[in-house]
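# Structure assessment
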Amino acid sequence: MVIESAHEFETQDLLLNVGPQHPSTHGVFRMVMQVDGEVVRDIIPYIGYLHRGAEKLCETMDYRQGIGFMDRTEYLAAMNAELSYVMAVEKLAELEVPDRAQWIRMILVELNRLSSHLMFMGAFGIDVGVFGTPFIYAWREREAIIDLFEEISGDRMMYAYLRPGGLAWDVPANFVPRCREVLTAVRQGIADFDGLLTKNEIFIARTQGIGIVSAADAIDFGMSGPSIRASGVPLDVRREEPYLKYDEIKWDVITATEGDVYARYLCRLAEMRESVKIVEQCLDRLQPGPIMPEKMPRMLRTPPGEVYIRTEAPRGEFGIYMVSKGGNRPYRLKVRSACLSNLQALKHMSVGLYVADAIIVLGSIDIVLSEVDR
Amino acid sequence: MPTGLFGLNPWLDGVIRLLIIVGLMTVVAMGLIYIERKVLGRFHARIGPQRTGPFGLLQSVADALKLVGKEDLRPRNADPWTFEFGPYLVFIPIFLGFVVSPFMAGFTVRVLDLGILYFVAVSSVSIVGWVMAGWGSDNRYAMIGGMRAAAQAISYELPFVLSLLSVSMLAGTLNINEIVEAQTSVPNIVWQPLAFIIFFIAALAELNRPPFDIPVGESEVVGGPFVEYSGIRWSMFFLGEYASLFIMSILISALFLGGYEWPFGTQLGIGWQLVLTVIKASMLIFLIIWVRASVPRLRIDQLMGYAWKILLPLSLLQVLVNGFVLVYDLPKLLLTAAGLGGVFLLVWLTEHAITRPRESRATAAATAATLQSEAAS
């Protein structure tokens, strides 16, 4: 056959649709990859498959009902999301939170950070290709934490335990010994991960040197949390604007310099050790006392005003912008999602890498789609 | 014409033997699926199947029944012929490999003088099935998976064959049974530790087992060529995978661990020989499952680089050393020494290949930046 033109041999990049139903998109994220053989040339992310209008719904609920929506916004770190929300309400309503409630809140958010990072470890292990082992190892310790949360709040996932002003009710009598038990288990779990992944040659070969984002770029993308700290930016809201009692105890901001996938993994692992340290110090200082302010109105009303509260959630800065025009419900609520900002760097990090790398780059920024889409 | 099994017509005899093979292999594959799930469960700090039958023994049977009962779907745009025949081309060559697998002295379906050559030739046919399945499914994941499978098979076939060659050089034959019988006193792994390790690694790649499960990479291409298959056709891939796992372990134990001969194979008779083969094969299968539970998946370029830059030169070196030792009649212990040296070299090279990316992190960043600006313009 005579070839009539060179046109017949023109090659074309393949468009590969990843998600929203794909094992490695951590929910219902979708990205269309333009691949040249195995190399990613372009990524077009699509979000919004899990949009429920949680922010708008909160405007129709009173302040206490909104707590439940925060659980569902960030279901892997529900305590942290609740904390931002109740702190915003407290600031609007000018409520003083008793010491005991603050210490307990701190213990709970740090434990939730542990469970969230464990979830990351497990899911990331699967992204990198270990068949199930890290996932179930992570699940084992996460289960201990969730059991503890169930004993405290009555629910394994949607805790709705924090309240504007304090806590819904006091923790059980055996709270402190149970916490110490859980911490022992988690410490063992972290050691297991060191053995299973951190020193694993193939893991190192797969994760080092890929998905690099420089400090300047990370700041430009508005990244936060472990993802930006791995690039060498010591940004941690707990240190920048200490809330709760973070300025009273000793802990370090974990940073790395490389900014690649391995650095992000190591940052999270080291952060888990810090969290264990924080919880231990909190447990030492926990004193009996009230958990709610003495004068709490039956129906919480706030004076008009606006407030932005940010806290350090496991994935980064989780902020609540709340406007009140008086009354018992927020006039406007906006969630500043850490994952959404971190996700902006995905294309920057994965173009030029292999398909398999793009998957673990996505895994390394640890997104929760319900927080991205809200 | 060989004498028939029951003194029957050779054709009838052949059919009976085939039926035995297919039946046996199916049962073995189902057993292996159960064992893998149970062992993996233990590695995962969980129990594994336990509800179906005593100790979950009937789990594979239940799964098989479910798969047979499922609808055999074919995507509308799939190429009917390649799609439907892909699984057979994966399945049949694996069963053909069974023909030369030695279990006991005198219990091989057919002792072939070119047994190794036959095995290699037959087992590489199954890659055509993978590519057919990948191409015919009209699915981009499947196509990428099929292409990956082809690339991987072509690269790993070479160290695979070369390390087979070094064993057959020692025995001076390509007949698998004769290679086994040459190991009455000392198994080949003592003389050829490097070839054993290379062969084991290449076998993992041939079997598409982790860390070389790139064609089916669950987290990337979602099962690769299997992604559009369902029901009985999908189960054929699955059966094929476990049947080949079994045959490959038998082969490794025959070629390197002395098969049915070492130790005391000839003295203690047929029963002991079968026990030896099964124990050795089970150890290898356990090792392969263990590897699966503990290592991440390699990337496609790392996989290819490893085969071409490390395994292939080393296996060539092994062949060369074997040649020298055999031609000049040097003491055989030299082989062991050279082999152990090769093993250390292999470990060092692997370590080196892995630690190198640490230095090139800056380069990778620069490349990414260039591509980024290209994409932007």
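Note that the coordinates shown come from a computational prediction; the quantities given were computed from them, not determined experimentally.

On to the overall build of chain A, then. Summing up its helical and strand segments, chain A has 15 helices and eight strands in all. A compact globule built from 374 residues should have a C-alpha radius of gyration of about 21 Å, and chain A, at 22 Å, falls within 12% of that. Across its three principal axes, chain A shows a C-alpha extent of roughly 90 × 45 × 35 Å. Buried positions account for 52% of the 374 residues belonging to chain A. Put simply, of all contacts in chain A between residues at least 6 apart along the chain, 70% involve residues at least 24 apart.

We now examine the overall build of chain B. In terms of helices and strands, chain B carries 13 helices and zero strands. Each helix and strand of chain B, placed in order from N terminus to C terminus, yields the pattern α-α-α-α-α-α-α-α-α-α-α-α-α. Each principal axis of the C-alpha atoms in chain B carries an extent, and together these give about 75 × 55 × 40 Å. A total of 377 residues make up chain B; the buried ones form 45% of that total. By sequence separation, contacts in chain B at least 24 residues apart represent 77% of the contacts at least 6 residues apart.

The next point concerns the environment of Val368(A). Residues and elements named next belong to chain A. The residue Val 368 is located in the loop between helix H14 (355-364) and helix H15 (369-373) in this model. Considering only alpha carbons, one finds Val 368 and Arg 41, 327 residues apart in sequence, at a separation of 25 Å. Those residues within four positions of Val 368 in sequence are excluded, and the remaining contacts are Gly 27, Glu 74, Tyr 75, Leu 76, Arg 315 and Cys 339.

Below, the discussion takes up the interface of chain B and chain A. By convention, interface size is frequently given as the accessible area that disappears when the constituent parts associate. With 35 residues of chain B at the contact, the number on the chain A side is 40 residues. Elements with a minimum of two residues in the side of chain B that touches chain A: helix H10 (265-294), helix H11 (300-327), helix H12 (333-359) and helix H13 (361-376) of chain B.

What follows is about the domain arrangement of chain B. Residues and elements named next belong to chain B. With domains assigned, chain B is organised as domain 1 (1-68) and domain 2 (70-356). Each of domain 1 and domain 2 has a C-alpha centre, and the two are 20 Å apart. With 18 residues of domain 1 in contact, the opposing surface of domain 2 contributes 17 residues. Of all elements in the fold, only helix H1 (10-43) and helix H2 (59-69) reach the threshold of two or more residues within the side of domain 1 that touches domain 2. It is H1 that contributes the most residues to the side of domain 1 that touches domain 2, 13 residues altogether.

Before going further, it helps to examine H10(B). Residues and elements named next belong to chain B. Between its terminal C-alpha atoms H10 stretches only 34 Å, short of the 44 Å expected from 30 residues at 1.5 Å a residue. Where H10 is concerned, the buried positions are Gly 265, Gln 273, Leu 276, Thr 277, Lys 280, Ala 281, Leu 284, Ile 285, Ile 288, Ile 289 and Arg 292. At its buried positions, H10 is contacted by H1, helix H8 (193-206) and helix H9 (231-255).

Residue and element names in this part refer to chain A. With respect to topology, three strands assemble into an open sheet ordered S1-S2-S3, the strand pairing being antiparallel. Every interior strand has two partners, whereas the edge strands, strand S1 (14-18) and strand S3 (39-46), have only one. Along the sheet, successive strands turn relative to each other by an average axial angle of 25°, direction set aside. As defined by bridge partners, strand S2 (residues 30-36) adjoins S3 across seven bridges and the pair is classed as antiparallel. When the bridges of S3 are listed, Asp 36 appears paired with Val 39.

Moving on to unusual backbone geometry. Put simply, Pro210(B) and Pro211(B) share a cis peptide bond, and its omega is 0°. Looking at where Pro211(B) falls in the secondary structure, it is placed in the loop between H8 and H9. Although it is not a glycine, Ala160(A) adopts a positive phi angle of roughly 50°. Residues other than glycine seldom take positive phi values, yet Asn208(B) does so here, at roughly 55°. Residue class for Asn208(B) comes out buried when judged on the 22 C-beta atoms lying within 10 Å of it.

Quick notes on the rules
- Residues numbered from 1 in each chain as written.
- Chains lettered and ligands numbered in written order.
- Predicted model: local features only at pLDDT ≥ 70, side-chain atom pairs only at ≥ 80, totals over all residues.
- Helix = DSSP H or I, 4+ residues; strand = E, 2+ residues; numbered from the N terminus.
- Rg over C-alpha atoms; globule rule 2.2 N^0.38 Å.
- Buried ≥ 20, exposed ≤ 12 C-beta atoms within 10 Å, placed from the backbone.
- Contact = placed C-beta atoms within 7 Å.
- Domains from an automatic or database assignment.
- Expected span 1.5 Å × (residues − 1).
- Pairing = 2+ DSSP bridges.
- Axes fitted to C-alpha atoms, helices over the stretch in contact; angles between N-to-C directions.

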